[in-house]
Amino acid sequence: MGYKIVVVGATGNVGREMLNILDERQFPVDTIEVLASRRSIGTEVSFGEKTLKTKDLDTFDFTGWDIALFAVGSEATKKYAPIAAKAGCVVIDNSSLYRYDPDVPLVVPEVNPEAVMGYTKKNIIANPNCSTAQMVVALKPLHDRARIKRVVVSTYQSVSGAGKDAIDELWDQTKSIYNPVDNKPPSKFTKQIAFNVIPHIDVFMDDGSTKEEWKMVVETKKIVDKDIKVTATCVRVPVFVGHAESINIEFEDHLDEDEARDILREAPGVMVIDKREDGGYVTPVECVGDFATFISRIRQDSTIDNGLNLWCVSDNLRKGAALNAVQIAETLGTRCLKKG
Ligand SMILES: NC(=O)c1ccc[n+]([C@@H]2O[C@H](COP(=O)([O-])OP(=O)(O)OC[C@H]3O[C@@H](n4cnc5c(N)ncnc54)[C@H](OP(=O)(O)O)[C@@H]3O)[C@@H](O)[C@H]2O)c1
């Protein structure tokens, strides 16, 4: 006996990865259905050894299904997630629509697994932003030991964080640098992304920050501790998959870099690769397809009392989205949802 699972947005980057992860982690699936927009009806997607044909989300009846893993944008989520939830199917949503709703838990299972129990108010659980997810996995065990006061983070985010069309844009632009005949103006990004970096992700806010930066602030508070101050600069880089972050942390109590390294080595979901030699750290291409959040370059910040610097890398389609969503489903199954 397993769960009746629906993957919504199954033709997208996150949806396809969710199918891979459900299979890799041998999630107890009894029946599975894959949905996307009408234009993708019949499109084949892989689930382990099986090939599944995509159906239309618009006409799907969620009655009798246990869990719907949503990976469509906020607009489609707004229309269809309440329908699924009302039909009794628990929605685990990857969009930003419900993350800041006080009646919807925002969960990273390594950090606040107990929060899943709050799903009953709306039958919906939110998955955080990709940059937040990997950062809080590293922050939580350090916060438990030395109380974090302030975090300064700069991100180096891959194009897959902006969907499948963004991957195509980087690929096409990269080729067109060598063959300018095929040159097309940017459409997913505001400027050329190939051989460039862009300090702008999501829309601008009134205070000059971007919404991606605001999300890191607000989500870290909701998941870890409302008293932690965060300031972020989010940058898109010409990498296909894998987000990197340079994180500066100021603690209330002293935390030695060696003790921090030991704490992170023991932390769930974290892999420390930190050798002070050529190549003794992890870069985005090495984290692709992995479950872990990798931490490198752990070192004291001697310019402040109780400061540490570290480098954090993870597969944004996995820990930043699909893996975290499946881990939430696992947590839900272990704690409260009956199979079948
Ligand atoms: N990529 C990341 O690192 C990441 C991380 C965290 C959260 N997220 C969030 O996860 C969601 C999916 O992201 P993604 O990167 O997988 O995007 P994507 O590659 O562009 O895929 C989007 C998926 O949504 C489907 N879709 C779009 N509009 C639809 C509609 N009106 N009805 C039914 N299906 C619709 C698409 O179906 P068609 O193929 O039929 O168009 C496709 O399956 C977004 O909310 C995103 O913000 C992404």
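What you see is a predicted model, and the numbers here were worked out from it, not measured in a lab. (Residues numbered from 1 in each chain as written. Predicted model: local features only at pLDDT ≥ 70, side-chain atom pairs only at ≥ 80, totals over all residues. Heavy atoms only, no water.)

Student: Help me out: how do you make sense of the site of the ligand in this one?
Tutor: Around the ligand, a shell composed of 26 residues is seen, among which Thr11, Val14, Ser37, Ser40 and Val72 lie nearest. Within the backbone of Gly12, an N or O atom sits 3.1 Å from an oxygen atom of the ligand. Within the contact set of the ligand, a nitrogen atom lies 3.0 Å away from a backbone nitrogen or oxygen of Ser160. Contact with the protein chains hides 81% of the accessible area of the ligand, taken as 910 Å² for the molecule alone. Of all elements in the fold, only helix H1 (13-24) and helix H8 (318-335) reach the threshold of two or more residues within the shell around the ligand. (Near = heavy atom within 4 Å. Polar contact = N/O pair within 3.5 Å; in protein donor to acceptor, adjacent residues only side chain to side chain. Areas by Shrake-Rupley, 256 points an atom, 1.4 Å probe, with all protein chains shown as cover. Helix = DSSP H or I, 4+ residues; strand = E, 2+ residues; numbered from the N terminus.)

Student: What's the story with the sheet that holds strand E1 (residues 3-8) in this structure? I'm lost.
Tutor: The strands that make up a sheet are held in pairs by hydrogen bonds between backbone atoms, and each pair lies either parallel or antiparallel. Strand order across the open sheet formed by six strands is E5-E2-E1-E6-E7-E8, with parallel pairing between neighbours. One side of each edge strand has no neighbouring strand; the edge strands of this open sheet are strand E5 (55-56) and strand E8 (124-126). As paired elements, strand E2 (residues 29-36) and E5 share two bridges and run parallel to each other. The partner of Leu35 across the bridge, within E5, is Lys55. (Pairing = 2+ DSSP bridges.)

Student: Sorry, what's going on with the UniProt feature "binding site: substrate" (unreviewed entry) in the protein here?
Tutor: If you check UniProt for "binding site: substrate" (unreviewed entry), the listed places come out as Gln157 and Arg236 in our numbering. Taken along the chain, the residues just named run across 80 residues; in space they keep tight, none of their C-alpha pairs more than 4.7 Å apart. Topologically, Gln157 is positioned in strand E9 (residues 148-157). If near-sequence neighbours (up to four positions away) are discounted, Gln157 is found in contact with Cys130, Ser131, Ile201, Glu212, Cys234, Val235, Arg236, Val237 and His243. At a separation of 2.9 Å, a polar atom in the side chain of Gln157 contacts the side chain of Glu212. In this fold, Arg236 is placed in strand E10 (residues 229-236). (UniProt positions renumbered as here; feature names shortened; annotations may be inferred. Contact = heavy atoms within 4.5 Å.)

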